[in-house]
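Results of the structural survey
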Amino acid sequence: MKLFTSILSLLLSFQISAQLVEKSSEIGVNHLFNDLANMGGGAVFFDYNNDGWEDLYISGGIDEDSLYKNKGDGTFEKINNIGLSATGDYNTTSVVSGDINNDGFRDLFITTWRENQGASGFGRNLLFINNGNETFTEAGTSWGLTEKSFSMGANLLDYNNDGLLDIYVINYQKSLSTVTNSNGDVVGFNAECYENFFYENNGNNTFTEKAAALGIDNDGCGLATMPTDYNKDFNQDIYIANDYGAFNVPNTLYKNNASGTSFSDVSSSTKANVAIYAMGISSADIDKDEDFDYYISNLGRNVLLQNDGNNVFKDIATSAGVENTFSLDGNGLFSTSWGTAFLDINNDTWPDLFVANGRVPAAPFIGTGDSDPNYLFTNNGDTTFTQTKVSVNNRDKGRGMAYADYDKDGDLDLIVVVLKGSASANPKTTFFQNQLNPTGTDGKNWIQFKLEGQTINKDAIGAKVILTVNGEKLIQEVHGQGSHASQHSLVLHFGLANNSVVSNVEIQWSATSKQSFTNINGNKRYELKEGGTLSIDTNPVLKNKEISVHPNPVKDYLSINNINEKSTFTISTIDGKILVKNLLKVDEKIDLTYLKTGVYMLHIFNKKQNFNQLIIKNN
C-alpha cells in the first residue's frame, strides 16, 4: 500500500510539474523584491485600465514598485511614468487594490515601513487614485492617511455596508527582546508591536481613523489580514495573523456587530486564537459543507482551521497533510511559510492549497532552513491533501503570492514574489502559468464571475457566489485581501470537473440583495452588475499560444495545440532513451495506445518552436 501511494504521489508530482510552468521571463515579468531585513513583498492582479485584462502590480521594497500591463496575448509590458514614482521614496511592503471612490477605476493602497534615502523614522502609507486615463495621482495626505508606522499589510472591506470601501492596516514590531532559560538559551520573546489602523471612508474623498473607537486597534505584530464573513451574517468580519502569537497577541478574529459602530473579539470562543508565528491567511470551503475554513502559514507547522458548522474551529492540519513543518535542509530546521491561497488548480471542484515558502533567520530554538521550496497541496476530496513541490529554486525566499486567470484560458495562474536577499544564485520573482486548459475548452470545465456592485461597493467585495453543481454546493466570497502582503484576482473562478452546466447560480450581494440564475453553461467568464443579467465576457480566450498538450494524464490519444508548422516529435523514457521518433502534422493527434503505464518525456520541435513536456500514461 505504501508503494502504491508513493507511485501515485510521484505521478501527481510529474503532472503538477507539467501543468504549472514558470514563465516570468517569457511573458515579460522581470522582478526582484529589494528587501530590508527580509520583510515585505506583495502583488495584486487588477485591471487598471478597464480593457478587460487583469494587470499585475508588484511592490519593490527599497526599489520603485512595478506595474505590468497585460497585453492580452499572454505577455505583460512594464509601464513607467504613470504617477507611481513616489513608491521609490519609500520602502514599500504590501499592496491592495479597490475602487475607493466608486468611479469605476480601481485604485491602489500601498503600505510602507519607512522612507528611503537615509530618512529617519517611518513613512506614511500611500494611496494612488486611478485617474481613469492610465495614470495615477498619490493622494494619501489629502485623504487623511497621515499616520506613520511599520505597516505590513492592509485589507479593503465595507464594514458598515454604506457602499464605500474602508481600509484596515496591520502594523508590526516596535521592539523585540529575547527570553532565556537558566543556561542562557533563547526560549522565547518579548515583542512589543504597533497598534493597527482602521480608516472609515467618509464618501467625500477623505478617511477618518477609527481603530480604537471600533475596538480593533490590535497590537499583535500583524503580518496578514483578511476580511471575511466567517459566520455568513452578511457583515464583513476581520481575521488577523499575528507574529509571536505565543508571546504577545495570538491570531485575532473580530466579529462585525452589524451596527456600524463596533467589532467584538471572538477569537477565544471560536478557537481562532492560534498562537504561532503567523504570516499568511487563506480561506475556502475545503470540505463542501457550505462554511468557510481557514489556513494560516507559520514559521514551522502551519494550521488548517476547519469550521464545525457552528463557527467553532478545529485545527486539522496534521490529518489533512498540510503542516509544511520542516525545510529540506534536515537537522530539524523549520520551513517558513508566507503567502498562501486556496484555489482549484485542476478544475475538479475541490479547493487546492498553495503555500509560498522562504527562509527568515530565526533564533536557534526555532532554527530555519534555506532549502524551503513552495508547495501545492492537491485536495483529495476527503479532507486530505497530496503535497507537491512547485519551485524553480529551493533556496529562493518567497513572500507574497497571488493568483488570477490572467490569460483567460479557464485555469488559474499564480505569482510568487521573491526577495533579492535569497540564498539562491539567481533569484527572481516567479510566475507559474497553468497549462491545464490551453485553449479554454479542453474538457476541464470551469466557470468565472466578475461582479460589480450597485447598492454595495463597486468591486462587490464581501459578496458571495454559491453554485449548485451535480447536487453539491460550491461557495466563494469576494475578498479584499488575504495571502501575505498581496491580493488575488476579484474574479471568482470555480472548477466544474466533468459538469458543463451549473444547475443554479446564487449571487448574495448583501442581506437584502440576492439573485439566482438556472442552467448556466460553463467554460465562460460571466460579468454581472447587481440587479442585472449575466453577460459573457466579450474578450476571447487567448489563441496562438505556445505548444500545449492535453489530456495529461493520457489514456490513448494526445492532442497537440498551437503547432505552427509540420514538426518532429520524440517520446523518451525519463532517463533519456528514445522510444519513437516521427513527423507530426498540424492538428494531428499522437497515438499513445501502445505505451505502458508510466511517465515519459515528449519533445516537439520545428524551425520556430521547441517544446518539452512530461506525459503521464494511464491504461
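Notes on the structure in this doc start here. None of the values given here were measured: they were computed from a predicted structure.

What the chain contains, in helices and strands, is 5 helices and 45 strands. The C-alpha atoms of the chain give a radius of gyration of 24 Å, which matches the 25 Å a tight globule of 619 residues would have. Along the first, second and third principal axes, the C-alpha atoms of the chain reach 70 × 65 × 50 Å. Here the chain holds 619 residues, and 60% of them are scored as buried. Of the contacts made within the chain by residues no fewer than 6 positions apart, 58% connect residues no fewer than 24 positions apart. When the accessible area of the chain is evaluated, it comes to approximately 22500 Å², of which 47% is carbon and sulfur surface. Charged side chains in the chain number 46 positive and 73 negative. The centres of these two groups are separated by 8 Å.

Let's shift gears to the environment of Thr178. For Thr178, the location among the structural elements is in strand β12 (residues 173–180). When its relative accessible area of 47% is taken as the criterion, Thr178 is described as partly exposed. Distance in space between the C-alpha atoms of Thr178 and Asn190 is 6.0 Å, their sequence separation being 12 residues.

Taken together, the 4 strands give an open sheet; going across it, the order is β42-β41-β44-β45, and neighbouring strands pair in antiparallel fashion. Only two strands of the sheet have a single neighbouring strand rather than two, namely β42 (578–584) and β45 (610–617). Direction aside, the axes of adjacent strands within the sheet are offset by 20° on average. The pairing of strand β44 (residues 598–605) with β45 spans 8 bridges and is antiparallel. Looking across to β45, one finds that Phe605 is bridged to Asn610.

Next up on the list: the packing of aromatic side chains. If you walk through the whole model with that rule in mind, you get 28 aromatic pairs. Arranged with centres 6.0 Å apart and planes meeting at 25°, the rings of Tyr159 and Phe263 form a pair that is stacked. Separated by 104 residues along the polypeptide, Tyr159 in the loop between β10 (151–157) and β11 (166–171) and Phe263 in strand β19 (residues 263–265) bring together distant segments of the chain. Given a relative accessible area of 7%, Phe263 falls into the buried group. Residues Tyr406 and Phe431 carry aromatic rings whose centres are separated by 5.0 Å and whose planes lie at 75° to one another, so their mutual orientation is edge-to-face. Residue Tyr406 is located in the loop between β28 (398–404) and β29 (413–418), and its partner Phe431 is located in strand β30 (residues 430–434); the two are separated by 25 residues in the primary sequence. The residues Tyr406 and Phe431 share a single accessibility class, namely buried. Positioned above the aromatic ring of Trp53, the side-chain terminus of Lys408 is 4.3 Å from the ring centre.

Among the nonpolar cores identified, the biggest contains 41 residues, and Ile167, Ile447, Phe449, Leu451, Val465, Leu467 and Val505 are the most heavily contacted of them. Here this core spans two domains, since at least three of its residues come from each of domain 1 (20–434) and domain 2 (445–479 + 488–536). Beyond its immediate sequence surroundings of up to four residues, Leu467 is in contact with Ile447, Phe449, Glu472, Lys473, Leu474, Phe494, Leu496, Val502, Asn504 and Val505. Judged by nonpolar contacts, the second largest core, of 20 residues, contains Leu253, Val303, Leu305 and Ile466.

Reading the values: the criteria
- Residues numbered from 1 in each chain as written.
- Predicted model: local features only at pLDDT ≥ 70, side-chain atom pairs only at ≥ 80, totals over all residues.
- Heavy atoms only, no water.
- Helix = DSSP H or I, 4+ residues; strand = E, 2+ residues; numbered from the N terminus.
- Rg over C-alpha atoms; globule rule 2.2 N^0.38 Å.
- Buried < 20%, exposed > 50% of the residue type's maximum accessible area, 1.4 Å probe, protein only.
- Contact = heavy atoms within 4.5 Å.
- Areas by Shrake-Rupley, 256 points an atom, 1.4 Å probe, with all protein chains shown as cover.
- Lys, Arg positive; Asp, Glu negative; His and termini not counted.
- Charge placed at Lys NZ, Arg CZ, Asp CG, Glu CD.
- Pairing = 2+ DSSP bridges.
- Axes fitted to C-alpha atoms, helices over the stretch in contact; angles between N-to-C directions.
- Phe/Tyr/Trp six-rings, centres within 6.5 Å; stacked < 30°, edge-to-face > 60°.
- Lys NZ or Arg CZ within 6 Å of the ring centre and 35° of its normal.
- Core = buried A, V, L, I, M, F, W, Y, C linked by side-chain atoms within 4.5 Å.
- Domains from an automatic or database assignment.

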